[in-house]
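The chain contents come next:
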Amino acid sequence: MALLTPNDLININKQLQEADSVVKRVTGLDIKGVCQSLYGTSPSSKKVGIVPVTSGNGIIGNFSASLHVITQYFGFDGFVTDMPDVSGYYEAVQNGAEIILMADDHTFLAHNIKNGKMANNQPCTGIIYAEIASRYLKADSKDVLVMGLGKVGFPGAAQLVQKGFRVYGYDPDARLLKRAVSNLGIIPFDPANPKKFSIIFEATPCANTIPEAVLSENCVLSTPGIPCAISEELKNKYDVQLVAEPLGIGTVSMLYSVL
Ligand code: NAD
Ligand code: 2YJ
Ligand code: MG
């Protein structure tokens, strides 16, 4: 599993502001508005305890600090515990946290300890990036391309199917492609026989996964994938509306989902 690096998280506040302005341009709503509509929950200044976790590959520089910035940006009352791990969890609860945010190398969770609701970053990220893509105001049809059908991509594809889109999907892992075809009814996309899309959702850990032949002028590419799915050159050539941000959009999706 790809881990975030401190470099990905540099100036997260600016990255969030930029993502928010693209989301507004694409959907007419800001990120909070998309979350409100998606989960039916409202902004709230809930206390969020952010617990650094040292297990496995250990603390990622900027990770907890970025979560703090993200909680404040979206109107939550976040704080990072002084201690990590079990002592940090204890500290968070003792200091009044209503929601706990913490991540090891495999799982990034939000747990609302007041109402018992719990969220996992991967499905929450897939669902919100897919939701943003699905709200493209200038989409020319109900066709959507999904690249990557793993832990983030599959739940995103499911969201698009549920919203009535005609979902074309591709994953080089034949088992994952088959799972999405049989469980979700998506149409397998054949890269050797491409067509153009105005809406693309990508969730892979690879660069340059979007072939030029699928891009239409001014299409939306909504992608949590790191590194970015498209080169700067192709982005400019097709005037692509790129929604891509390393941590905040997925995190606020988790927070709204446990309110
Ligand atoms: P995953 O390994 O479960 O799934 C990725 C899938 O992409 C795999 O099934 C793989 O076969 C497929 N893939 C690889 N190359 C491809 C290609 N050229 N075309 C189509 N599919 C291809 O990983 P995941 O947990 O779903 O995460 C996907 C990406 O999203 C990772 O880069 C992860 O770091 C990132 N992520 C970002 C955020 C965020 O907030 N921005 C949150 C969670 C995950
Ligand atoms: O607390 C810390 O600083 C670290 N233990 C954070 C680890 C963050 N984990 C990841 O980035 C993993 N990929 C799991 C989260 C999946 C969502 N990208
Ligand atoms: Mg994100």
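With an unreviewed UniProt entry as reference, the protein chain is termed Proline reductase for pyrrolysine biosynthesis, source organism Methanosarcina barkeri MS.

**Q** Can you help me understand the site of ligand 1 in this one?
**A** The environment of ligand 1 is made up of 23 residues, and the closest members are K151, V152, D171, L176 and E245. Contact between ligand 1 and P224: a nitrogen atom at 3.1 Å from a main-chain N or O atom of the residue. One nitrogen or oxygen atom from the main chain of P246 is found 3.2 Å from an oxygen atom belonging to ligand 1. Relative to its unbound accessible area of 860 Å², ligand 1 is 81% covered by the protein chains. Counting residues per element, the shell around ligand 1 draws most heavily on helix α5 (residues 121–134), at three residues.

**Q** Explain the pattern of salt bridges here, please?
**A** Pairs can form between side chains of opposite charge once their charged atoms are near each other. According to the stated counting rule, one finds seven salt bridges in the structure shown. E18 serves as the salt-bridge partner of K14, at 3.5 Å between the closest nitrogen and oxygen. Residue K14 and its partner E18 are located together in helix α1 (residues 12–27), separated by four residues, close to a single helical turn. A residue is classified by how much of its surface remains accessible, and K14, at 46% relative accessible area, is partly exposed. The shortest N-O distance in the salt bridge between D143 and K195 comes to 2.8 Å. Here D143 is found in strand β6 (residues 143–147), whereas its partner K195 is found in the loop between β8 (187–188) and β9 (197–202), with 52 residues between them in sequence.

**Q** How should I be thinking about the pairing of strand β1 (residues 47–50) in this particular structure?
**A** Successive side chains on a regular strand alternate, one facing one side of the sheet and the next facing the other. Where β1 and strand β2 (residues 77–80) come together, four bridges link them in parallel fashion. Looking at the pairing, K47 lines up with D77 of β2. Two strands pair when backbone bridges link them, and β1 and strand β3 (residues 99–103) are joined in this way by three bridges, in the parallel orientation. Bridge pairing links G49 to I100 in β3.

Reading guide: rules and limits
- Here the residue numbers are simple positions, counted from 1 along each chain's written sequence.
- Just so you know, chain letters begin at A and ligand numbers begin at 1, following the order they were written in.
- Owing to the predicted nature of the model, reporting of local features is limited to residues with pLDDT of at least 70; listing and counting of side-chain atom pairs is limited to 80 or more, with chain, interface and lining totals taken over all residues.
- Note that water and hydrogens are dropped before the side-chain values are worked out from all heavy atoms of the structure.
- The nearness test applies per residue and asks whether one of its heavy atoms lies within 4 Å of the molecule or strand.
- Contacts described as polar in this section are N or O atom pairs within 3.5 Å, which, within protein, must combine one atom able to donate a hydrogen with one able to accept it, while residues neighboring in sequence count only if both atoms come from side chains.
- Note on areas: Shrake-Rupley with a 1.4 Å probe; residue coverage comes only from the protein chains shown.
- Put simply, DSSP marks the helices as runs of H or I at least four residues long and the strands as runs of E at least two long, and each gets a number from the N terminus on.
- Think of a salt bridge as a Lys or Arg side-chain nitrogen and an Asp or Glu carboxyl oxygen that are within 4 Å of each other.
- Here's how the labels work: a residue is buried when its accessible area is under 20% of the maximum for its type, exposed when over 50%, partly exposed in between, all with a 1.4 Å probe on protein chains only.
- A pair of strands is labelled paired if DSSP reports no fewer than 2 bridges between them.

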